[in-house]
Amino acid sequence: MTFLSHLISGISLGSIYAIIALGYTMVYGIAKMLNFAHGDVIMVGGYMSFIAMIYFGWPPLLSILFAMVVCTVLGILIEQLAYKPLRAAPSLAVLITAIGVSYFLQNAAQLIFSANHKSYSSVVPFGSLRLFNDRLIISGTTIVTIIVCIVIILALNTIVNKTKIGKAMRAVSEDKDAAQLMGININKTISITFAIGSALAAVAGVLLCSAYPILMPTTGAMPGIKAFTAAVFGGIGSIPGAFLGGILLGIIEILGKAYISTQLSDAIVFAVLIIILLVKPTGLLGKKVLVKV
Amino acid sequence: MKYLRLRSKIDNWLTYGLIIVAYIVMRLLIAGGNISSTLQGQLVPITAYIVMAISLNLTVGVLGELSLGHAGFMSVGAFSGVITATLLTDAIPMTWLRLALAMLVGGLFAGIFGFLIGIPVLRLQGDYLAIVTLAFGEIIKNVVGTIYLGYDANGIQVSIENNTLQLGEGGKVILNGPKGATGITKLSSFNAGFILILITLFIVLNLINSKSGRAIKAVRDDKIAAESVGISIWRYRMMAFVTSATLAGAAGALYALNYSAVDAGKFDFNKSILILVFVVLGGMGNIRGSIIAATVLTVLPEVLRAFDEVRMLVYAIILILVMLVRNNKTLRQLFQKIGIRRRNSLSNNKEGDET
């Protein structure tokens, strides 16, 4: 029964990683860039919902919506100001700019909200689910997190595969120039991708802070790195891959913490990543790229 | 060809000259008392960062592979260096010799780790290689933070995760788990840092301009073409990677022995990124650029102290603006018109052999 309980909290943590990883993987698939500022957008989402709930006294659902709107605007703003001028630049230049944006967001948050951590109260209004004579207790946050993740995955899958904008996204990720020749507005498509990724980051921020109620300017950094790892784990650029990678990473982390070592859980996660990449060099669901001579 | 060789020779001497002149100027400033104490405290870290930047440039600029875990090698070097220095306290009274040995052992251990990590890492390419170096950096940070190591009259004791050291009388704990190494005797000095930079430059510049260096660059530019003319990809990639790790280890020992306490968290992902920023801003493959960028960007937050609270914000904005301006087409054309030749190769990965 303890195993089951660990497994469920692993899936819950993994769901958060999966939502963040989706943002990484979509941006990578379309703009071919590693958006290292993504983790800090999570933090902004956390703070925004915190402000809305505590200072404005808004209900949780409205606060989440507020956080999503702010993060979406922020994501588009970052893309327009920092990444768009570098579209033709080498990828490392974009990477460093993303790191600059990440520093900027962290330090701006530190100035505005101070470095002291704030304790976040969960947005989930109902209590825990008790099963098998209280031998298995699942918190409300855990259930909501898993459900939200599944809904997001299904919605995103529909958007990418069934709608016109999804078709444009797939076309841009396949071949930018050819897509442009077909009349697809590349800049708009990339902006929309950033908007979706950032809105997801806001949701992830709210869920993350609900599960681990400490909010700091660096809250998003480590989950950001882990989610990035998850995206690579599943094969970067692949949406089902990000989902699978996120969930597996969460399970490995929690089980590692429970059964092997608390302090070494991060090392275990990264060691598994290395082993997977050695066996499958492009991740679990990644496409193998053939090099033509 | 002769002209090119001459040019690279002049270029190398310029780099050595820059370091020596900078050293003399700093010495004069210190002697004249014209330098703030905070900046004086930054001197050893700056020299360590310069060595880190040069060594990372070997991986990123010359070998052409993005490494996000360079601080991991620094960590290995730092802690093995601290252990060496502490164990030798009684055996070798000369501090300079102890420091030299610590840096040597630090470099050696980091080199061994570089080789072991290189075996899996160098099988991958591009972003996947980058993420695995990141993973190794995090693993090193995580594992080092769980090691307890101490010594007494009976020898060295090690335990992992829980402090089960049973040290006899006169025993001393060197590594204290998450708290890291505490009670370090400060051995590092600006002079030692300066000498390490010269040694690093000597190794790296000679490697780049040797036959092996040309092979490494050939592998960077086109792996398949290089392999087809008989260059062993594995061998040359490993050569660059291990050299880079070794130098980072020596720099780590220098860095750690400048403080009285160092913990594993100091060598995290952010530190790797910090050094990567030096390399990219200085210009990939441009050693002199790395030196200047490492110095300027370490001093910059100190200079920005006038801005107090917003200094890191200003730092971030400067970083973004520099990247935007450098990659702006109109501005670049303008620079070319007024005759400023762009030396760095950021705009094109394949021009990086200008050092």
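Since the model is a prediction, treat every value here as computed from it, not as a measurement.

Concerning the overall build of chain A
- Along the backbone of chain A there are eleven helices and four strands.
- At 19 Å, chain A has a C-alpha radius of gyration in line with the 19 Å of a compact globule built from 293 residues.
- Projected onto the principal axes, the alpha-carbon positions of chain A cover approximately 60 × 45 × 35 Å.
- The long-range share in chain A, meaning contacts at least 24 apart out of those at least 6 apart in sequence, stands at 74%.

Here's the deal with the overall build of chain B
- Secondary structure assignment for chain B yields 13 helices and three strands.
- Taking 2.2 N^0.38 as the reference for a compact globule, 355 residues should give roughly 20 Å; the C-alpha atoms of chain B span a radius of gyration of 21 Å, in line with that estimate.
- Taken along its principal axes, the extent of the C-alpha atoms in chain B is 70 × 55 × 40 Å.
- Among the 355 residues that make up chain B, the fraction classed as buried is 47%.
- Long-range contacts, defined here as pairs at least 24 residues apart, represent 76% of the contacts in chain B between residues at least 6 apart.

A closer look at the pairing of strand β2 (residues 155–160) of chain B
Residues and elements named next belong to chain B.
- Here strand β1 (residues 147–152) runs beside β2; their pairing, made up of six bridges, is antiparallel. Bridging from a neighbouring strand, I147 pairs with I160 of β2.
- In textbook terms, the turn of a hairpin is the stretch between consecutive antiparallel strands, and for β1 and β2 this stretch comprises two residues.

Considering the environment of G111 of chain B
Residues and elements named next belong to chain B.
- Within the fold, G111 resides in helix α4 (residues 95–121).
- In this structure G111 comes out as buried when scored by C-beta crowding, with 23 C-beta atoms within 10 Å.
- Residues G111 and S244, 133 residues apart in the sequence, show an inter-C-alpha distance of 8.0 Å.
- Here G111 is in contact with V242, A245, T246 and G249, once residues within four sequence places are set aside.

Some points on the confidence of the model for chain B
Residues and elements named next belong to chain B.
- Confidence in the prediction of chain B, expressed as mean pLDDT, is 84, and 92% of residues score 70 or more.
- By mean pLDDT, helix α13 (residues 329–337) is the weakest element of chain B at 72, and helix α9 (residues 233–256) is the strongest at 94.
- Note that residues 342–355 has pLDDT below 50 and, in this model, 36 contacts with residues that lie over four places away or in other chains.
- Scored as a complex, the prediction yields pTM 0.84 and ipTM 0.81.

A look at the sheet that holds strand β3 (residues 172–176) of chain B
Residue and element names in this part refer to chain B.
- If you trace the three strands from one edge of the open sheet to the other, you get β2-β1-β3, paired in antiparallel fashion. Either end of the sheet is taken by a strand with one partner, and the two such strands are β2 and β3. Averaged over all adjacent pairs, the angle separating strand axes in this sheet is 15°, with direction ignored.
- Against the sheet, helix α3 (residues 70–87) engages β1 and β3, with an angle of about 175° to β3.

Regarding the environment of N116 of chain A
- In this fold, N116 of chain A is placed in the loop between α4 (91–113) and β1 (118–119).
- Here the alpha-carbon distance between N116 of chain A and L215 of chain A, two residues 99 residues apart in the chain, equals 8.6 Å.

Section: the nonpolar core
- Counting residues in each nonpolar core, the largest one holds 201 residues, and the members touching the most others are C71 of chain A together with A53, V82, A251, L254 and V277 of chain B.
- Those residues within four positions of A251 of chain B in sequence are excluded, and the remaining contacts are A48, V51, M52, S55, M74, G77 and L196 of chain B.

A closer look at unusual backbone geometry
Residues and elements named next belong to chain A.
- Positive phi, normally seen in glycine, also occurs at K32, with a value near 55°.
- Position of K32 among the secondary structure elements: in the loop between α1 (2–31) and α2 (38–54).
- For K32, a count of 13 C-beta atoms within 10 Å puts it in the partly exposed group.

Observations concerning the packing of helix α2 (residues 37–62) of chain B against helix α10 (residues 269–282) of chain B
Residue and element names in this part refer to chain B.
- At a minimum axis distance of 9 Å, the contact between α2 and α10 shows a crossing angle of 70°. Considering the angle they form, α2 stands roughly perpendicular to α10. Considering the relative orientation of α2 and α10, their crossing is right-handed. Contacts from Y49, M52, A53, L56, N57, V60 and G61 of α2 reach α10 at I275, L276, F278, V279 and G282.
- Here the contact of α2 with α10 is built from residues that sort into nine nonpolar, three polar and no charged.

Brief notes about helix α7 (residues 211–221) of chain B
- Looking only at α7 of chain B, the buried set comprises G213, A215, I216, K217, V219 and R220 of chain B.
- Where α7 of chain B is buried, its residues meet α2, α6 (190–208), α8 (223–228) and α9 of chain B.

Points about the packing of α4 of chain B against α9 of chain B
Residue and element names in this part refer to chain B.
- Running from amino to carboxyl end, α4 crosses α9 at an angle of 145°, the nearest separation of the two axes being 7 Å. Seen along the crossing, α4 lies across α9 with a hand that is right-handed.
- A breakdown of the residues in the contact of α4 with α9 according to their chemical character gives 15 nonpolar, nine polar and no charged.

The rules behind the values
Residues numbered from 1 in each chain as written. Chains lettered and ligands numbered in written order. Predicted model: local features only at pLDDT ≥ 70, side-chain atom pairs only at ≥ 80, totals over all residues. Helix = DSSP H or I, 4+ residues; strand = E, 2+ residues; numbered from the N terminus. Rg over C-alpha atoms; globule rule 2.2 N^0.38 Å. Contact = placed C-beta atoms within 7 Å. Buried ≥ 20, exposed ≤ 12 C-beta atoms within 10 Å, placed from the backbone. Pairing = 2+ DSSP bridges. pLDDT = per-residue confidence, 0-100. Axes fitted to C-alpha atoms, helices over the stretch in contact; angles between N-to-C directions. Core = buried A, V, L, I, M, F, W, Y, C linked by C-beta atoms within 7 Å. Parallel < 35°, antiparallel > 145°, perpendicular 65-115°, else oblique. Left-handed = near helix turned anticlockwise from the far one by under 90°. Nonpolar A, V, L, I, M, F, W, Y, C, P; charged D, E, K, R; others polar.

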